Amino acid sequence: MAVSDVDSAAVIEALTEEWAALRELFGSLTAEQMAAASVLPGWSNADILAHIIGTESLLAGRKVPEHDVSGRAHVKNPIGELNEKWLEELRPASPAELLALFDEITAERTAALGAMSPAELAAETMTPAGPDSYARFMRIRDFDCWIHELDVRDGLGLTPPLTARPAAVAVDEAAASLPYVLAKRVGVPKGNTVAIALTGLVDRVLVIEVADRARLVPPGGAAPDVALDVDTCDFFRLIGGRRDADPATVRIIGDKALGEQIASNLAYTI
């Protein structure tokens, strides 16, 4: 299997920038805000921070805690079960202890990523999206961390993220999944071209041509069958299936029925 062509230096820079943004955000929250229910079922805001700590701890080679998390309604697959084990392990920690653990693991991971050679970053490994490069995995990590910043801010009624560079890398990762999402999950008929114009934090047009094999194509070609115009944060709420996701935030140009079908069925994250 061919690995994705990913600018590893740009991805690592964006990821470490997002960790700094998360540290600033979580460090500004009160104990009550940390304990408050997040937009994610079954998780508090502190659990979101624990999830990030746990995933990076796993990547640092630390053993997954042994907890029985079966039977929880919001745990729907093996990755969700893995995440929940880290949360169960870290739930007794205070906000200050969680922040200290976050500082420790992100410093360790930043050093480890900085020490990796281009060949190591390009090497194939298992990722949440299947076998791909380690750099692709880090792009997925940027996506995950950035959307969780959005989650915390949405849940607490704070202003949306201002982290444009991590958001742009998260868009790169979302773009890689869109052909599959539109063709297989949404069911866009073959022969259609879809353009999704992102505005706000990231200004970009993603064009997907659905043929025998759906694929991203450069913008600027023939007019698409349907175009969707959506704010970057609203786009991520939709693809994340978040509580605040609202298909009505999408402006549709062209095939209105197809556009509404797409806007209502973009969710694909775990």
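The structure we're discussing is the one just above.
Residues numbered from 1 in each chain as written. Predicted model: local features only at pLDDT ≥ 70, side-chain atom pairs only at ≥ 80, totals over all residues. Heavy atoms only, no water.

Draft legend 1. Region of the structure containing the sheet that holds strand E3 (residues 192-199). Within the open sheet, the five strands sit side by side as E5-E4-E3-E6-E7. Their pairing is mixed. Either end of the sheet is taken by a strand with one partner, and the two such strands are strand E5 (215-217) and strand E7 (251-254). Strand-to-strand twist across the sheet, computed as the mean angle between neighbouring axes with direction ignored, equals 25 degrees. When E3 meets strand E4 (residues 204-210), the two strands line up antiparallel, connected through seven bridges. Note that in E4 the partner of Val 194 across the bridge is Ile 208. Strands in contact with helix H8 (residues 164-186) are E3, E4 and E5; relative to E4, the strand with the most contacts, it is inclined by about 20 degrees. Contacting E3 and strand E6 (226-231), helix H9 (residues 232-239) runs over the sheet at an angle of about 105 degrees to E6. (Pairing = 2+ DSSP bridges. Helix = DSSP H or I, 4+ residues; strand = E, 2+ residues; numbered from the N terminus. Axes fitted to C-alpha atoms, helices over the stretch in contact; angles between N-to-C directions. Contact = heavy atoms within 4.5 Å.)

Draft legend 2. Representation of the nonpolar core. Of all hydrophobic cores here, the largest spans 37 residues; its most connected members are Phe 235, Phe 236 and Ile 262. Listing elements by their share of this core, those giving two or more residues are helix H7 (134-156), H8, E3, E4, E6, H9 and helix H10 (256-263). Top contributing element to this core by residue count: H8, with 10 residues. In this structure, Phe 236 is in contact with Phe 143, Trp 146, Ile 147, Leu 150, Ala 167, Ala 170 and Val 171, ignoring residues within four places of it in sequence. Residues Val 6, Ala 50, Leu 90 and Val 169 belong to the second largest nonpolar core, which totals 35 residues. (Core = buried A, V, L, I, M, F, W, Y, C linked by side-chain atoms within 4.5 Å. Buried < 20%, exposed > 50% of the residue type's maximum accessible area, 1.4 Å probe, protein only.)

Draft legend 3. Examining the environment of Leu 49 more closely. Within the secondary structure, Leu 49 is located in helix H3 (residues 45-59). When its relative accessible area of 0% is taken as the criterion, Leu 49 is described as buried. Counting along the chain gives 41 residues from Leu 49 to Leu 90, while the straight-line C-alpha distance between them is 9.6 Å. Residue contacts for Leu 49: discarding those within four places in its chain leaves Phe 26, Met 34, Leu 98, Leu 99 and Phe 102.

Draft legend 4. Quick peek at the pairing of E4. Linking E3 to E4, which pair antiparallel, is a turn of four residues; within it Gly 200 sits at a positive phi near 90 degrees. In terms of strand pairing, E4 meets E5 through three bridges, oriented antiparallel. Paired with Glu 209 across the strands is Arg 215, a residue of E5. Joining the antiparallel neighbours E4 and E5 is a turn of four residues.

Draft legend 5. Structural view of the pattern of salt bridges. Per the stated rule, a full pass over the model turns up 24 salt bridges. Arg 165 is the partner of Glu 17 in a salt bridge, and the nearest nitrogen-oxygen pair spans 2.7 Å. Placement of Glu 17 in helix H1 (residues 8-27) and of Arg 165 in helix H8 is noted, with a sequence separation of 148 residues between them. The partner of Arg 91 in a salt bridge is Glu 88, and the shortest N-O contact between them spans 3.3 Å. Judged by relative accessible area, Glu 88 falls into the partly exposed class, the value being 28%. (Salt bridge = Lys/Arg side-chain N within 4 Å of Asp/Glu carboxyl O.)

Draft legend 6. View of the packing of aromatic side chains. Applying the stated criterion across every chain yields a total of four aromatic pairs. Relative to Phe 236, the ring of Phe 235 has its centre 5.5 Å away and its plane inclined at 80 degrees; by these criteria the two rings are edge-to-face. Its relative accessible area of 0% is what places Phe 235 among the buried residues. With a relative accessible area of 0%, Phe 236 lands in the buried category. Among the aromatic residues, ring-to-ring pairing joins Phe 143, Trp 146, Phe 235 and Phe 236 into one connected group. (Phe/Tyr/Trp six-rings, centres within 6.5 Å; stacked < 30°, edge-to-face > 60°.)

Draft legend 7. Examining the packing of H7 against H9 more closely. Their axes nearest at 11 Å, the elements H7 and H9 cross at an angle of 100 degrees. Relative to H9, the element H7 lies roughly perpendicular. Of H9, the residues touching H7 (which contributes Phe 143, Trp 146, Ile 147, Leu 150 and Asp 154) are Cys 233, Phe 236, Arg 237 and Ile 239. Considering only residue class, the contact of H7 with H9 consists of seven nonpolar, no polar and two charged. (Parallel < 35°, antiparallel > 145°, perpendicular 65-115°, else oblique. Nonpolar A, V, L, I, M, F, W, Y, C, P; charged D, E, K, R; others polar.)

Draft legend 8. Highlighting H10. Taken residue by residue, H10 has Leu 258, Gly 259, Ile 262 and Ala 263 as its buried positions. For H10, the angular spread of the buried residues around the axis is 135 degrees, confining them to a single face. Projecting away from the buried face of H10 at angles above 90 degrees are the exposed residues Lys 256 and Ala 257. Those residues of H10 hidden inside the fold are in contact with H8, E3, E6, H9 and E7. Between a side-chain oxygen at the N-terminus of H10 and the backbone nitrogen of Ala 257 the separation is 3.3 Å; the capping residue is Asp 255. (Arc of directions from axis to C-beta. Polar contact = N/O pair within 3.5 Å; in protein donor to acceptor, adjacent residues only side chain to side chain.)

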